[in-house]
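Chain by chain, the residues:
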Amino acid sequence: MSSELRVKVGDQVSLRIERLSFGDGDGVARLDKLVVFVPFSAPGDTVQAEITFKKKNFARAKIIEITKPSSSRRSAPCQVFGECGGCQWQHIDYSHQVSAKHELLVDAVTRAGLSVAKFHDIVASKSEYHYRNRIQMQFSGDQFGFRARKSHKFVATDECLIAETELNELAIKSRGKLEGRHELYRAPNNKIMMRNSSADEEGHFFSQINSEMNLELQKLVVGDAPRGQCTVWDLYGGSGNFSLKIASQNPDCQIYCVDANAKNIENGRIQAAEQNIANIEFVPSTTFEFLEQNRETDHCVVDPPRSGLDAKTLDMLSKDVNLKSLIYISCDPMTLIRDLKHFQSAGWAISSMQAIDMFPQTHHLEVYTRLSPPSDA
C-alpha cells in the first residue's frame, strides 16, 4: 500500500518542501502522489510534520521540527509571527519571496491556458517592512493586536512590523482608550487618521496600501496612457489615484474617473481643484451603469476590487465597448485569471503581465496586465 493511502490525521511524517503554493503561500511537499501543504515552511526545508487534515488527494500538516532548514529560511523578526494572521512569509528571505511570487504567477497563468506575449520581471517593494499605510487593529483594555491565523482569537503585540511607523505610534498612544476594531490609515492629505471599523464603508475612501509601490504602479499607468488628444476611462477609479496623474501629464486628454463610492468622488474632486487639473471628470456611478451610457474610448484602466469584474461588466467590456487598449490592475491573481480567460475567449490578446510586490512578507501580490482588443474591433 502506498504511503499516501496509509497516512492519517495525527501521523508524523518527514517531508521535503518543494515549493510555495499559489493562493495561501503554504509550502508544498509530496508523499508519493499525496500533496501536503505545510504552513510556515520554506522551499528546501526538510521537516518533521504532523498531519492535521486529510482528503483523498491532499493533506495539511504542521511543522513539529525543522530537521534541515532551507538556505532561504531566516528567523522571523516579528514576536507574534505564526500566531497573527497578517503575514505568512517572514521566515523567508525577501529575495526568495520576490522570485517565488513571479514564478507562482507565471505558473498559474500558464496552467490556466492563458497566452501571454511577455512576462516582465516582478517589481520588488522598496521596503520590506513598515510599508502599510492602512491597517486594521484590535484594541482590548491596555493592549492592541490582530486576529490569529484563520481565527477570531486576539493576538496582542507591541507593534506591527509591516505597518508604517506613524501608525504604530498612534496605536501605542491609543492603548487603554479604545475598544474593538479600528482602522489606522494615512489620509490623502497625508495625516494619520483612525476610524471605527464598524463605520459605514460607503463613507470611507480606498487607497493602495503601499505608498512607495503605488508610485511605481502610477508610473506604469501613466507610461501606457496615450498622448495628445484622447479620451481615457479610469474605472473603479477611487479618488483618482491613476487618473489624476494621467490628466496632469497630458492636458490635451479628457479623463473620466468612475467610482460608485461617494466619498471617493468627493475626495477626487477636491484633489483636482487643489492641483488645478481641469481635464478630469469624476463620475459617481457603477462601472456597468457607466458602460451602458458610454461605448467608446481610446484607453481604459480597470482596478476592480478583489472579487474582480462582475459578469455583466466583464461581458460589456470584452464584447460591447470599443476600446483601443486596456490595462487591468488586480490584487487577486485568481479572479484576474478568471476574467482574462473571458477576454481571451472574446478575441483579446494579453500583451504583457507584470507582478508588483505591494505586500512583502505575505503571499499577496498586485498584477499589472496590458490587453489589446480583437483585430476587427
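Residues numbered from 1 in each chain as written. Predicted model: local features only at pLDDT ≥ 70, side-chain atom pairs only at ≥ 80, totals over all residues. Heavy atoms only, no water.

So, about the side chain of Asp234. As for its position among the elements, Asp234 is in strand E12 (residues 230-235). Of the buried charged residues, Asp234 lacks a salt bridge, with Lys245 as the closest side chain of opposite charge at 12 Å. Asp234 has contacts with Phe242, Ser243, Tyr256, Cys257, Val258 and Val301, leaving out every residue within four places of it along the chain. (Helix = DSSP H or I, 4+ residues; strand = E, 2+ residues; numbered from the N terminus. Buried < 20%, exposed > 50% of the residue type's maximum accessible area, 1.4 Å probe, protein only. Lys, Arg positive; Asp, Glu negative; His and termini not counted. Salt bridge = Lys/Arg side-chain N within 4 Å of Asp/Glu carboxyl O. Contact = heavy atoms within 4.5 Å.)

What follows covers helix H3 (residues 165-174). Here H3 has its buried residues at Leu167, Asn168, Ala171 and Ser174. Taken down its axis, H3 places every buried residue within 125° of arc, on the same side. Looking at the buried side of H3, the elements it contacts are strand E7 (134-140), strand E8 (143-147), strand E10 (180-186) and strand E11 (192-196). A positive phi of about 85° marks Gly176, the residue just after H3. (Arc of directions from axis to C-beta.)

Even without glycine at this site, Asn276 takes up a positive phi of about 55°. Within the secondary structure, Asn276 is located in the loop between helix H6 (262-274) and strand E14 (280-284). Even without being a glycine, Gln361 presents a positive backbone phi close to 75°. Mapped onto the elements of the fold, Gln361 is located in the loop between strand E19 (349-356) and strand E20 (366-372).

This paragraph deals with the sheet that holds E11. Taking strand neighbours across the sheet as the criterion, the five strands line up as E9-E8-E7-E10-E11 in an open arrangement whose pairing is antiparallel. For this open sheet the edge positions go to strand E9 (154-157) and E11, each flanked by a neighbour on one side alone. If you compare each strand with its neighbour and ignore which way they point, the axes differ by 40° on average. Where E10 and E11 come together, five bridges link them in antiparallel fashion. Among the inter-strand pairings, Glu183 is bridged to a residue of E11, identified as Arg195. (Pairing = 2+ DSSP bridges. Axes fitted to C-alpha atoms, helices over the stretch in contact; angles between N-to-C directions.)

Scanning all chains against the criterion turns up 18 salt bridges. Bridged by salt links that share partners, the residues Lys126, Glu216 and Lys219 form one connected network.

Enumeration over the complete set of coordinates arrives at one disulfide. Free of any disulfide, Cys257 has its nearest neighbouring cysteine sulfur in Cys300, separated by 11 Å. Judged by its relative accessible area of 0%, Cys257 falls in the buried class. Free cysteine Cys331: the closest other cysteine sulfur is in Cys87, separated by 17 Å. (Disulfide = S-S within 2.5 Å.)

Applying the stated criterion across every chain, the model contains six aromatic pairs. An aromatic cluster is present here, built from Phe37, Phe53 and Phe58 joined pairwise through their rings. Its end group placed over the ring of Phe288, Lys312 keeps NZ or CZ at 4.5 Å from the ring centre. (Phe/Tyr/Trp six-rings, centres within 6.5 Å; stacked < 30°, edge-to-face > 60°. Lys NZ or Arg CZ within 6 Å of the ring centre and 35° of its normal.)

The element strand E4 (residues 34-38) is extensively covered by neighbouring structure, given that five of its five residues are classed as buried. Where strand E3 (residues 27-31) and E4 come together, five bridges link them in antiparallel fashion. Paired with Val28 across the bridge in E4 is Phe37. Hairpin connection from E3 to E4: two residues lie between these consecutive antiparallel strands, with Asp32 at a positive phi of about 55°. Two strands pair when backbone bridges link them, and E4 and strand E6 (residues 58-68) are joined in this way by three bridges, in the parallel orientation. In the sheet register, Val36 faces E6, and the bridge partner there is Ala59.

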